Amino acid sequence: MPTVVLMDASLSMTRPVALEGSEEFQRKNLAIHGLTMLFEHMATNYRLEFTALLAFSSLWEVMVPFTRDYNTLQESLSNLEDYDKTCLESALQGVSNIVQQEWGSACPCQVVLVTDGSLGIGRGSLRHSLATLKHRGDDKKFPLPFPFPAKLYIMCIANAEELQSSDTLENLEQLLILSAGGGQIFTMEGPLCLKSVQSMFGKLIDQAYTPFHAVLRCGNLSSDVQVFPRPEPVVIDEEVDPTPRNILTDLDLVGFIEIGDISSPPVLSRHLVLPIAVNKEVDEVGAGTADDTEEESSSNQMAGKSPNFCVLLHGSLKVEGMVALVQLGPDWYGMLYSQADSKKKSNLMMSLFDPGSEPLPWLGKISQLGPTSDAKENPYGEDDTKSPFPLQPKSKRSYAQNVTVWIKPSGLQHAVLQTDVQKILRNARKLPEKTQTFYKELNRLRKAALAFGFWELLKGVAELLERECTLLPDSAHPDAAFQLSHAAQQLKLASTGDPQYAGFEHNITPMVTDFSGGDRDRM
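Below or above, wherever it landed, is the structure these notes cover. (Residues numbered from 1 in each chain as written. Predicted model: local features only at pLDDT ≥ 70, side-chain atom pairs only at ≥ 80, totals over all residues. Heavy atoms only, no water.)

A separate point is the overall build of the protein. In terms of regular secondary structure, the protein is built from 16 helices and 17 strands. Each of the 523 residues in the protein was classed as buried or not, and the buried ones make up 42%. (Helix = DSSP H or I, 4+ residues; strand = E, 2+ residues; numbered from the N terminus. Buried < 20%, exposed > 50% of the residue type's maximum accessible area, 1.4 Å probe, protein only.)

Following this line, the structure appears as structure tokens:
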């Protein structure tokens, strides 16, 4: 889950803060100190996290694009310059632009806004932006909510008393509501000092950037792992009193199944599973940090110098072409599998299914799955070579047939539809040799048009067939004119919506004529 840090670089951030026994600090210095602490934590515990740094005042600027190099992020903080007034709306629009450009609209993101609580003045201030929300046109929409899933964390370099003395806190809370993705407003407790800012950023780390450590178990084998990114709680809307469900820290493997049997199941999220060192120390603010010895131990495990069950499991799944079913909690399952991100490198991944005892309909209840050898008789017959899942239904389903698809990315839909019409016309010009193919393509287009309610298409194709009939050369077989006129008439009847002619079970059949095969041979 990438992170965007939005740093306030307005003049209000240069307001001095008196610290006892030291030189005068600015609020900007406190913000830099807090962000440095956050970046150091992420460099240790969230090395795979992509982070971008933006600075804003009346305009916004990308200081560091999305990167995993936290040294570069810290260096950019020290080179941060001071600008003019605060304009938060343009900064949020900048966040929306860079995230969509880099990750699209489906990737969840975390936005950390660091400011002193100053809302700006005049046009462009947060007060003005919120006051004009209901009077905006479609071309000047407020950037919140973001077009992608996002959590907004607002880090205020000010205490609650200072924010409550004005309407600042109320406006920031309204901003959080507009984001509609969750998040929180953090304020400093007590005087503005280094200790207070450390405590505030420590709370952010505990809530959003604490690594998820778990124990992966299979019988007597186990391995300490980190799941990245941290799995989010899941709420089941169908429940009477829905409560968030969290993944257990003990992940038990309940069985193995072939990749072909699991197919491509629907999943809630995908996570990387990494082996970690057994011992972890926790610092004063609750953020997990690893010392040099632990880092070396973890590196040895990854390099294969120390035996590790996680590495063994990954290699076995990759070689055998199987996935491992893992229990995440009561009536909640997922799967572990090997996924290659290049020709030479692969990773152990975990996908989470929807909570429930039957997340995949073709498998039935996962708790009742077991080896065929435990059954009194083989439920799949004597042929043990065939894959038991998914079970083939006795009756042929409608969705098992090939369907016509006219819904394509922008710019391709017209081309696909045009291709289907051209197939019919090409076969029409080769009648009567292509009679069967002509009616096959005609019925295929007819059913799709009826399904979409595209009556105009049927009328248009009927007119095209009538036109083709008038353009037939004198040497054309007389059967061609009869078939084209018959097909055009049937399409016109179907376009009226009459159930007798517009039913899905009804097919247009070739017109029976008395012309001999000898006449056709001359064509």
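So that's the structure; there's more coming.
The subject of this paragraph is the pairing of strand β10 (residues 221-228). Relative to β10, strand β9 (residues 212-218) runs antiparallel, the two sharing seven bridges. Across the sheet, the residue bridging to Leu-216 is Ser-223, located in β10. Counted along the chain from β9 to the antiparallel partner β10, the turn is two residues long, and its residue Gly-219 has a positive phi close to 65°. Looking at chain direction, β10 and strand β12 (residues 269-275) are connected through four bridges and run antiparallel. When the bridges of β12 are listed, Val-227 appears paired with Val-273. (Pairing = 2+ DSSP bridges.)

This part is about the nonpolar core. One broad rule of soluble globular proteins: the nonpolar side chains tend to lie buried together. In terms of nonpolar packing, the biggest core is built from 38 residues, with Met-7, Leu-35, Val-114, Phe-201, Leu-204 and Tyr-209 touching the most fellow members. It is helix α1 (residues 27-45) that provides the largest number of residues to this core, a total of eight residues. Sequence-distant contacts of Met-7, that is, excluding residues within four places in its chain, are made with Met-13, Lys-28, Ala-31, Ile-32, Leu-35, Leu-53, Leu-54, Ala-55, Phe-56, Leu-80 and Val-114. Phe-66, Ala-91, Val-99 and Leu-175 belong to the second largest nonpolar core, which has 33 residues in total. (Core = buried A, V, L, I, M, F, W, Y, C linked by side-chain atoms within 4.5 Å. Contact = heavy atoms within 4.5 Å.)

What follows concerns the pairing of β9. Taken together, the three bridges between β9 and strand β11 (residues 250-258) define a ladder with parallel strand orientation. When the sheet's bridge partners are listed, Val-215 is paired in β11 with Asp-250.

For the rest of this paragraph, the subject is unusual backbone geometry. The step from Leu-144 to Pro-145 runs through a cis peptide bond, and the omega angle for that step is 0°. Looking at the element boundaries, Pro-145 is found in the loop between α4 (126-131) and β7 (150-159). Looking along the chain, the bond that leaves Phe-228 and enters Pro-229 is cis, with omega of -5°. Positive phi, close to 55°, is recorded for Asp-331, a residue that is not glycine.

A few words on the side chain of Glu-49. Among the secondary structure elements, Glu-49 is positioned in the loop between α1 and β4 (51-56). If sequence neighbours within four positions are ignored, Glu-49 has contacts with Met-1, Pro-2, Thr-3, Met-42, Thr-67, Arg-68, Tyr-70, Tyr-209 and Phe-228.

Turning our eyes to something else, we now look at the pattern of salt bridges. Across all of its chains, the model carries 11 salt bridges by this definition. Glu-468 is the partner of Arg-429 in a salt bridge, and the nearest nitrogen-oxygen pair spans 3.0 Å. Residue Arg-429 is found in the loop between α11 (413-428) and α12 (435-452), and its partner Glu-468 is found in helix α13 (residues 455-470); the two are separated by 39 residues along the sequence. Several salt bridges converge on common partners, so that one network encompasses Arg-15, Arg-27, Asp-116 and Glu-162. (Salt bridge = Lys/Arg side-chain N within 4 Å of Asp/Glu carboxyl O.)

With that out of the way, let us pick up the sheet that holds strand β1 (residues 3-8). A sheet is described by the order of its strands in space; here six strands give the open sequence β5-β4-β1-β6-β7-β8, paired in mixed fashion. The open sheet has two edge strands, β5 (60-67) and β8 (183-188), and neither has a second partner. For this sheet the average axis-to-axis angle between neighbouring strands, irrespective of direction, equals 15°. Two elements, β1 and strand β6 (residues 109-115), share five bridges in a ladder whose sense is parallel. Each bridged residue has a counterpart across the sheet, and for Val-5 the counterpart in β6 is Val-112. Set on the sheet, α1 makes contact with β1, β4, β6, β7 and β8; between it and β1 the angle comes to about 165°. Across the sheet, helix α3 (residues 88-103) lies against β1, β4, β5 and β6, angled at about 30° from β5, the strand it touches most. (Axes fitted to C-alpha atoms, helices over the stretch in contact; angles between N-to-C directions.)

For α13, spanning 16 residues, the distance from its first C-alpha to its last is 23 Å, which sits close to the expected 22 Å at 1.5 Å a residue. All buried positions along α13 are accounted for by Leu-457, Leu-458, Val-461, Ala-462, Leu-465 and Glu-468. The buried side chains of α13 occupy one side of the element, clustering within an arc of 135° when seen end-on. Counted as exposed and oriented over 90 degrees from the buried face of α13: Glu-456, Glu-463 and Thr-470. (Expected span 1.5 Å × (residues − 1). Arc of directions from axis to C-beta.)

Next up on the list: the state of the cysteines. Counted according to the given criterion, the structure contains zero disulfides. Cysteine Cys-107 remains unbridged, with the sulfur of Cys-109 as its closest cysteine sulfur at 6.9 Å. The class of Cys-107 is partly exposed, set by a relative accessible area of 21%. (Disulfide = S-S within 2.5 Å.)

Another aspect to go through is the environment of Val-112. Here Val-112 lies in strand β6. With relative accessibility at 0%, the residue Val-112 sits in the buried group. A sequence separation of 109 residues divides Val-112 from Thr-3, and the C-alpha atoms of the two residues are 7.4 Å apart. Among residues more than four places away in sequence, those in contact with Val-112 are Thr-3, Val-4, Val-5, Leu-6, Tyr-153, Met-155, Leu-204 and Tyr-209.

A word on the packing of α1 against helix α7 (residues 194-208). Across the interface, α1 lies against α7 with an axial gap of 9 Å and an inter-helix angle of 40°. In terms of orientation, α1 lies oblique with respect to α7. In this structure, α1 crosses over α7, and the sense of that crossing is right-handed. Contacts between α1 and α7 involve Leu-30, Ala-31, His-33, Gly-34, Leu-35, Met-37, Leu-38 and His-41 on the former and, on the latter, Leu-194, Val-197, Gln-198, Phe-201, Gly-202, Leu-204 and Ile-205. Considered class by class, the residues forming the contact of α1 with α7 number 10 nonpolar, five polar and no charged. (Parallel < 35°, antiparallel > 145°, perpendicular 65-115°, else oblique. Left-handed = near helix turned anticlockwise from the far one by under 90°. Nonpolar A, V, L, I, M, F, W, Y, C, P; charged D, E, K, R; others polar.)

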